[in-house]
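# Working through the structure, step by step
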Amino acid sequence: MKKVAIYPGSFDPITYGHMDIITRALNMFDELIVLVAYNPNKHYLFSVEERVEMIYEVVGKNNGQLRIDSYSGLLVDYAKKVGANVILRGLRAVSDFEYEFQMALMNRRMNKDVETVFLMTGYQWFYTSSNLIKQAACMGGSVKGLVPDIVNKKLMEKFGRPKGRVK
Ligand code: PNS
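Everything in this summary refers to the structure shown in the same document. (Residues numbered from 1 in each chain as written. Predicted model: local features only at pLDDT ≥ 70, side-chain atom pairs only at ≥ 80, totals over all residues. Heavy atoms only, no water.)

Let us look at the layout of surface pockets. Approximately 1,000 Å³ is the volume found for the largest pocket. Lining of the largest pocket is provided by 39 residues; of these, Gly-9, Asn-39, Arg-89, Tyr-99 and Met-103 occupy positions nearest its centre. At the level of secondary structure, the elements contributing two or more residues to the lining of the largest pocket comprise strand E1 (4-9), helix H1 (16-25), strand E4 (86-91), helix H4 (95-110) and helix H5 (130-138). Top contributing element to the lining of the largest pocket by residue count: H4, with 8 residues. There is about 180 Å³ of room inside the second largest pocket. Every residue lining the second largest pocket is counted, 12 residues in all, and those nearest its centre are Ala-137, Gly-140, Gly-141, Asn-152 and Met-156. By residue number, the principal contributor to the lining of the second largest pocket is helix H6 (residues 149-159), which donates 4 residues. Considering only residue class, the lining of the second largest pocket consists of 6 nonpolar, 5 polar and 1 charged. (1 Å grid on protein atoms, 1.4 Å probe; cavity = no way out; pocket = protein on both sides within 12 Å on 5 of 7 lines; lining within 4 Å. Points joined across faces, edges and corners; volume = space filled by probe spheres on them. Helix = DSSP H or I, 4+ residues; strand = E, 2+ residues; numbered from the N terminus. Nonpolar A, V, L, I, M, F, W, Y, C, P; charged D, E, K, R; others polar.)

Strand order in the open sheet made by the 5 strands is E3-E2-E1-E4-E5, with parallel pairing throughout. Pairing within the sheet leaves two strands with one partner each, and these edge strands are strand E3 (66-71) and strand E5 (115-120). With strand direction ignored, the average angle separating the axes of adjacent strands in the sheet is 30°. Both E1 and E4 contribute to a ladder of 2 bridges, which runs parallel. (Pairing = 2+ DSSP bridges. Axes fitted to C-alpha atoms, helices over the stretch in contact; angles between N-to-C directions.)

As a further point, take the site of the ligand. Around the ligand, the surrounding shell holds 15 residues, and the nearest of these are Ser-10, Tyr-38, Asn-39, Lys-42 and Leu-75. Between an oxygen atom of the ligand and a side-chain N or O atom of Ser-10, the distance comes to 2.6 Å. Within the backbone of Tyr-38, an N or O atom sits 2.9 Å from a nitrogen atom of the ligand. Computed on the free molecule, the ligand has an accessible area of 540 Å², of which 84% lies beneath the protein chains in the complex. Among the cavities detected, the one that contains the ligand is the largest pocket. Listing elements by their share of the shell around the ligand, those giving two or more residues are E1 and H4. Top contributing element to the shell around the ligand by residue count: H4, with 4 residues. Tallied by class, residues from the shell around the ligand come to 8 nonpolar, 5 polar and 2 charged. (Near = heavy atom within 4 Å. Polar contact = N/O pair within 3.5 Å; in protein donor to acceptor, adjacent residues only side chain to side chain. Areas by Shrake-Rupley, 256 points an atom, 1.4 Å probe, with all protein chains shown as cover. Sits in = over half its atoms within 2 Å of the grid points.)

Below, the structure is given as structure tokens:
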């Protein structure tokens, strides 16, 4: 059976941590769909279109193995629609665990044919997140090395002149 995995997330914006997961997942699955999904608990900095565009710019256009998409409904419904059998999530420090565990169990309850698989994030990215990156960038902190240059540029465009930084 073909192994089709969805890698869902907010990707607000995509980071090197996400890219590490994508690169490793491409060695594991026949098809990988990077999915900009909707998390109702978040307020987004970038629009869905901007997030999808940034992902295209850093991971390349769709090809036979890798696809980029967006969806605003339930993940398990999307999985059914595209015939995916795996939901892939990256795990960072311990704090991610409880939330990820709850989400995996809820998704399994709604669709038992889809397994959630976790990949440990590379150690360089263990303590960073899109949220922290946005916070630092918003106050003029450097996030170079944590996100691709194109994403860094978009963050700077979004925030304009650094705010709140004391010289
Ligand atoms: O990057 P995030 O914000 O941690 O990703 C969370 C996301 C978007 C994967 C999650 O909120 C999600 O799956 N949203 C789609 C709606 C859904 O299926 N929710 C039920 C999950 S139990």
